[in-house]
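Reading the structure
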Amino acid sequence: EKGGYDHFMLKEIFEQPTTIADSLRGRLVLNESKIILSGIDIIQEKLLNARRIIIVACGTSWHAGLVAEYVIEELCRINVEVEYASEFRYRNPIITDEDVIIAISQSGETADTLVALERAKEQGATIFGIVNVVGSSIARISHAGCYTHAGPEIGVASTKAYTAQLAVLMLLALKVAKMKGTISEERFVELSQELNSVPEKVEWVLKNEVDNIKAIAYKYKDAHDVLYLGRGYNFPTALEGALKLKEISYIHAEGYPAAEMKHGPIALVDDTLPVVFVATKDVYHEKVISNMQEIKARKGKVIAVVSEGDEITHSIADDIMTVPVLDEVLAPILTVVPLQLLSYYIGVYRGLDVDKPRNLAKSVTVE
Ligand code: F6R
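Residues numbered from 1 in each chain as written. Predicted model: local features only at pLDDT ≥ 70, side-chain atom pairs only at ≥ 80, totals over all residues. Heavy atoms only, no water.

By the naming in an unreviewed UniProt entry, the chain is Glutamine--fructose-6-phosphate aminotransferase [isomerizing], taken from Sphingobacterium hotanense. A UniProt comment under Catalytic activity (unreviewed entry) is attached to the chain, and it reads "D-fructose 6-phosphate + L-glutamine = D-glucosamine 6-phosphate + L-glutamate". Looking at the chain in UniProt, the text filed under Subcellular location (unreviewed entry) is "Cytoplasm". (UniProt positions renumbered as here; feature names shortened; annotations may be inferred.)

So this is what it looks like as structure tokens:
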């Protein structure tokens, strides 16, 4: 049942080239330069006139929402807010029939998300569900939606569901941008081709980086705290990397926007603190490098996720995890993969039950 892998988590990490491709198949139509998402067609009018999009989710799915905020605002020029479902449901948010809510959930049964949607629906909002489990409660309460095709996720820590959510959110952003005319045809084609290349780039990481990541995991397995930093599109990846490490290894970890470090967390840095930078080539790259130098100056250990061929970062960081070059907008689908592997191997080296971390349930159906 684990297909020869030691754990479901590892199997699910390795399934990602397939599950991402499954989530794109029949939707990303390269030769016609279009994206087919019938759920979007259903709510097309609402989306075109939306005052804003509110993304509602929990945990890892909330991190996917955060990536979507950056991407949708950039490509579609629609105001996006990302809400923790548990907060959204209890405060008294201002919702009208001009709001489109995107709900993101692997299980489709998360109680906080479900109740938040019920409330918003009562107030006239349009609900679009991005859900993995077919026929689940969140899928049923949505006006329209788009399934992720990740297949059953057994490991408690979400991996392949997350990258499938990101793949679908990228499709959604591209489609809406084209509908609204906020993207040039050239950029649409370029990003479509890049999105199509993601499965093989994830495959590259799984083929070429595992031994290296195992060695890094072994080196840092006894850390007490780990800081994860990123900027822009890769800031949510820092949050997700930290969450994965907490869940799987029980090591305290924090994700931060790299530039926020000097407003507090830099006080933590000494020669025992590993700091993971998500530092692929993008418009923020030089800034990220200077943040890295600030950590090195305080003797912190820098572990960096970098783009293939980036010699400069290589020379600064103590340890390097490499990913193929990919457009910055899409980078989060790829950069999370080495971080999933890092958490997995650290958990394994610490002798923990990575498929069923203590105190956690796969589907949180109570508040
Ligand atoms: C983290 C994790 C949780 C879930 C969260 C939402 O690895 O699995 O943080 O992402 O409980 O669950 P869904 O997506 O099922 O609504």
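Let's pick the thread back up.
Before going further, it helps to examine the overall build of the chain. A count of helices and strands for the chain gives 16 helices and 12 strands. A globule of 367 residues ought to have a C-alpha radius of gyration of about 21 Å, and the chain, at 20 Å, matches this closely. Projected onto its principal axes, the C-alpha coordinates of the chain cover approximately 55 × 45 × 45 Å. Side chains of the chain carry 38 positive and 51 negative charges; the gap between the two charge centres is 2 Å. (Helix = DSSP H or I, 4+ residues; strand = E, 2+ residues; numbered from the N terminus. Rg over C-alpha atoms; globule rule 2.2 N^0.38 Å. Lys, Arg positive; Asp, Glu negative; His and termini not counted. Charge placed at Lys NZ, Arg CZ, Asp CG, Glu CD.)

For the rest of this paragraph, the subject is the environment of Arg298. Relative to the helices and strands, Arg298 is located in the loop between helix 14 (285–297) and strand 11 (301–307). Separated by 27 residues in the primary sequence, Arg298 and Asp271 have C-alpha atoms spaced 7.3 Å apart. Beyond its immediate stretch of four places on either side in the chain, Arg298 contacts Ile266, Val269, Asp270 and Asp271. (Contact = heavy atoms within 4.5 Å.)

The next thing to look at is the packing of aromatic side chains. Centre-to-centre distance and the angle between the planes together describe a pair of aromatic rings. Per the stated rule, a full pass over the model turns up 6 aromatic pairs. Centroid distance Trp62 to Tyr84: 4.1 Å. Interplanar angle 5 degrees. Geometry classified as stacked. Separated by 22 residues along the polypeptide, Trp62 in helix 5 (residues 59–76) and Tyr84 in strand 4 (residues 80–84) bring together distant segments of the chain. Between Tyr345 and Tyr349, the aromatic rings sit 6.4 Å apart at their centres with planes inclined by 35 degrees, giving tilted as the arrangement. Taken together, the residues span about one helical turn, with Tyr345 and Tyr349 both in helix 16 (residues 331–349) at a distance of 4 residues. Each member of the aromatic cluster is reached from another via a ring pair, and the members are Tyr218, Tyr344, Tyr345 and Tyr349. Looking at Lys221, its charged tip hangs above the ring of Tyr218, at a distance of 4.9 Å from the centre. Between Arg358 and the ring centre of Tyr250, over which it is positioned, the NZ or CZ distance is 3.8 Å. (Phe/Tyr/Trp six-rings, centres within 6.5 Å; stacked < 30°, edge-to-face > 60°. Lys NZ or Arg CZ within 6 Å of the ring centre and 35° of its normal.)

So, on to the sheet that holds strand 8 (residues 225–230). With parallel pairing, the 5 strands of this open sheet are ordered in space as 9-8-10-11-12. Unpaired on one side and paired on the other, strand 9 (252–257) and strand 12 (319–323) mark the two borders of the sheet. The mean inter-strand angle of the sheet, taken between neighbouring strand axes irrespective of direction, is 20 degrees. Of the strand pairs in this sheet, strand 8 and strand 9 are connected by 6 bridges, and their pairing is parallel. The partner of Tyr228 across the bridge, within strand 9, is Gly255. Against the sheet, helix 14 engages strand 10 (274–278) and strand 11, with an angle of about 175 degrees to strand 10. (Pairing = 2+ DSSP bridges. Axes fitted to C-alpha atoms, helices over the stretch in contact; angles between N-to-C directions.)

It is worth spelling out the site of the ligand at this point. Looking at the ligand, there are 13 residues lining it, with Ser61, Ser105, Gln106, Ser107 and Thr110 nearest. Gln106 has a polar backbone atom sitting 2.7 Å from an oxygen atom of the ligand. With respect to the ligand, the backbone of Ser158 contributes an N or O atom lying 2.9 Å from an oxygen atom. Coverage of the ligand by the protein amounts to 89% of the 400 Å² it exposes when considered alone. Elements represented by at least two residues in the shell around the ligand include exactly helix 5 and helix 13 (235–249). Ranked by residue count, the leading element in the shell around the ligand is helix 5, at 3 residues. Across the shell around the ligand, the residue classes tally to 3 nonpolar, 8 polar and 2 charged. (Near = heavy atom within 4 Å. Polar contact = N/O pair within 3.5 Å; in protein donor to acceptor, adjacent residues only side chain to side chain. Areas by Shrake-Rupley, 256 points an atom, 1.4 Å probe, with all protein chains shown as cover. Nonpolar A, V, L, I, M, F, W, Y, C, P; charged D, E, K, R; others polar.)

Moving on, we come to the packing of helix 5 against helix 9 (residues 160–180). Axis angle and axis distance: for two packed helices, these are the angle between their axes and the distance between the axes, and together they describe the pair. The contact between helix 5 and helix 9 brings their axes to 9 Å, and the two run at 20 degrees. Put simply, helix 5 runs roughly parallel to helix 9. As for the relative orientation of helix 5 and helix 9, their crossing is right-handed in sense. Across from Thr60, Ser61, His63, Ala64, Val67, Ala68, Val71, Ile72, Leu75 and Cys76 in helix 5, the residues of helix 9 making contact are Tyr162, Gln165, Leu166, Leu169, Met170, Leu172, Ala173, Leu174, Val176, Ala177 and Lys180. (Parallel < 35°, antiparallel > 145°, perpendicular 65-115°, else oblique. Left-handed = near helix turned anticlockwise from the far one by under 90°.)

To continue, consider the pattern of salt bridges. Here the structure, examined in full by the defined rule, presents 21 salt bridges. A salt bridge links Glu81 to Arg52; its shortest N-O distance comes to 3.2 Å. Of this pair, Glu81 sits in strand 4 while Arg52 sits in strand 3 (residues 52–57); the two residues are 29 residues apart in sequence, bridging distant segments of the chain. You can call Glu81 partly exposed: its relative accessible area is 26%. As a salt-bridge pair, Lys221 and Asp222 come within 3.0 Å of each other at their nearest N and O atoms. With a relative accessible area of 14%, Lys221 lands in the buried category. Residue classification places Asp222 among the exposed positions, given a relative accessible area of 53%. (Salt bridge = Lys/Arg side-chain N within 4 Å of Asp/Glu carboxyl O. Buried < 20%, exposed > 50% of the residue type's maximum accessible area, 1.4 Å probe, protein only.)

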